[in-house]
Amino acid sequence: MTTGFEQKSGFTIPDPPSESDLGQCVHCGLCLPHCPTFRELHVETESPRGRLHLMRALGEGRVDTSDAFVEHISLCLDCRACEAACPSGVKFGYLMEATRAEIRARRPLTRFGGLLAKVIFRQLFPYPERLALLGGLLRAYQRTGVQWLVRRTGLLKALPGDLDEAEALLPKLSARFFEPRGTVQPRRSLQKRVAFFAGCVMRIAFAETNRATVRMLSRAGCEVRLPEDQVCCGALHVHAGEREQAKELARRNIEAFERRPAARSAGAPAPADAGRLSGRLPPAARAAHSAAAARSAQGDPRPHPGRDEGWRPLLWQRRHLQPDPARDGRAARRTEGGQRGRDRGRRRGER
Ligand code: SF4
Ligand code: SF4
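Since the structure is predicted, the reported quantities are computational estimates derived from the model, not experimental observations.

### What to know about the overall build of the protein chain
Part 1 of the argument: Regarding its fold elements, the protein chain presents 19 helices and 3 strands.
Part 2 of the argument: When burial is assessed residue by residue, the protein chain has 32% of its 351 residues classed as buried.
Part 3 of the argument: Put simply, of all contacts in the protein chain between residues at least 6 apart along the chain, 76% involve residues at least 24 apart.

### Side note on the sheet that holds strand β1 (residues 183-184)
Part 1 of the argument: Overall, mixed pairing links the 3 strands, which are arranged β1-β3-β2 in an open sheet. Lying at the two open borders of the sheet, with one neighbouring strand each, are β1 and β2 (192-195).
Part 2 of the argument: Here β1 runs beside strand β3 (residues 222-225); their pairing, made up of 2 bridges, is antiparallel. The residue bridging valine 184 from the neighbouring strand is valine 224, located in β3.

### Thoughts on helix α8 (residues 111-124)
Part 1 of the argument: In this model α8 runs 18 Å from its N-terminal to its C-terminal C-alpha over 14 residues, within 8% of the 20 Å that 1.5 Å per residue would give.
Part 2 of the argument: Taking burial as the measure, the 14 residues of α8 include 1 buried ones, a minor fraction of the element.

### Concerning the pairing of β3
Part 1 of the argument: Note that β2 and β3 share 4 bridges and pair parallel. Of the residues in β3, the one forming a bridge with arginine 193 is glutamate 223.

### As for the site of ligand 2
Part 1 of the argument: As a structural note, the neighbourhood of ligand 2 is formed by 15 residues, with Cys25, Cys28, Cys31, Cys86 and Ser88 the closest of them.
Part 2 of the argument: Counting residues per element, the ones that place at least two in the shell around ligand 2 are α4 (48-59) and α6 (81-85).
Part 3 of the argument: Here the shell around ligand 2 takes 3 residues from α4, the largest share from any one element.

### A short note on the confidence of the model for the protein chain
Part 1 of the argument: In this model, the protein chain carries a mean pLDDT of 79, and residues with pLDDT of at least 70 account for 71%.
Part 2 of the argument: Taken as a whole, residues 1-8 scores under 50 in pLDDT and shows 7 contacts with residues more than four places along the chain or in a different chain.

Rules used throughout
- The written sequence of each chain sets the order in which its residues are numbered from 1.
- Throughout, the order in which chains and ligands are written sets their labels, letters from A for the former and numbers from 1 for the latter.
- Note on the predicted model: pLDDT of at least 70 is required for a residue's local features to be given, and 80 or more for side-chain atom pairs to be given and counted; whole-chain, interface and lining totals, by contrast, use all residues.
- By the criteria applied, helices consist of DSSP H or I runs no shorter than four residues and strands consist of E runs no shorter than two, each listed in order from the N terminus.
- Exposed residues have 12 or fewer other C-beta atoms within 10 Å of their own C-beta, buried residues have 20 or more, and residues in between are partly exposed; the C-beta atoms are placed from the backbone.
- Placing a C-beta atom from the backbone of each residue, one calls two residues in contact when those atoms lie within 7 Å.
- The pairing criterion for strands is at least two bridges between them, as found by DSSP.
- Helices are assigned an expected span. That span is 1.5 Å times one less than the residue count.
- Using a C-beta atom placed from the backbone for every residue, we mark a residue as near a molecule or strand if that atom lies within 6 Å of it.
- The pLDDT score gives, residue by residue, the confidence of the prediction method on a 0 to 100 scale.

Below, the structure is given as structure tokens:
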């Protein structure tokens, strides 16, 4: 049972962020130019530094999850651009996810909102076949002219909620969905054995990207295994504060990929720290394995130094996934340099 005092004295979720995690920000402001909401709104509360300040205040029980607090946290896109730029290695994504879980714990959804969240997060996303069924219906909606008619008549505007705005965000669904199954052989001499993480929305909306990634890996000499029992990575769940469901998905993915000798994943975003999320992961290799499932081959230009299959590449990945202030400082300087170049270009264009 919780008392009013406990409600106000910091995080109440079972795995709250530590004081040191919450206090890691040194307020240098280097992340500010990288934050899309700060660049748009120009207020401190919509910056990574401001949000970290709020999270720390929540942890210390100085603020509650008021409407204003929730709005500042909700406006964050959770893009984690600030995390890449931060020289202090602040784990922004992890802190944001914990804060959203705390909000969900303290402010339960309305009956309708709760039902909708249950259907979407518990009955739809964990089941790829149900998602494919919905994807098929939406694809028919897009390709048979119904979408055109609905938009033309403004039908959705007449319905309650922001259905029209949500519909406008619907990506064009792939003509043929991606189904992970079997093993793709390398097109040249075997260099690596990898396992591919296909994602959930990626399978139905960006199936061609998945297929192209698998082709690219195969041409680079990789034997690509496609574990059939992999599921959604849980990013949507954890960003919405559905932490327990995200943990369950992380466990299922770890088990699916553990049955493979190596994992070098691609395709979809993932929760900030699947290893940390999946509570029952004792050895480092298992956490590394799940962290490997959160990497994106498209976004990672680094060469793979592992020589053969087994744990070695996973441990290499783990090392590179740990916060590293020196490496992240270099990344911040690089992105700052890029930003300065873009600003110079814009000024030249304005003249
Ligand atoms: S996650 Fe993205 S939107 Fe949120 S504070 Fe960081 S940079 Fe800004
Ligand atoms: S760059 Fe890192 S340490 Fe500096 S203000 Fe942003 S989050 Fe804090």
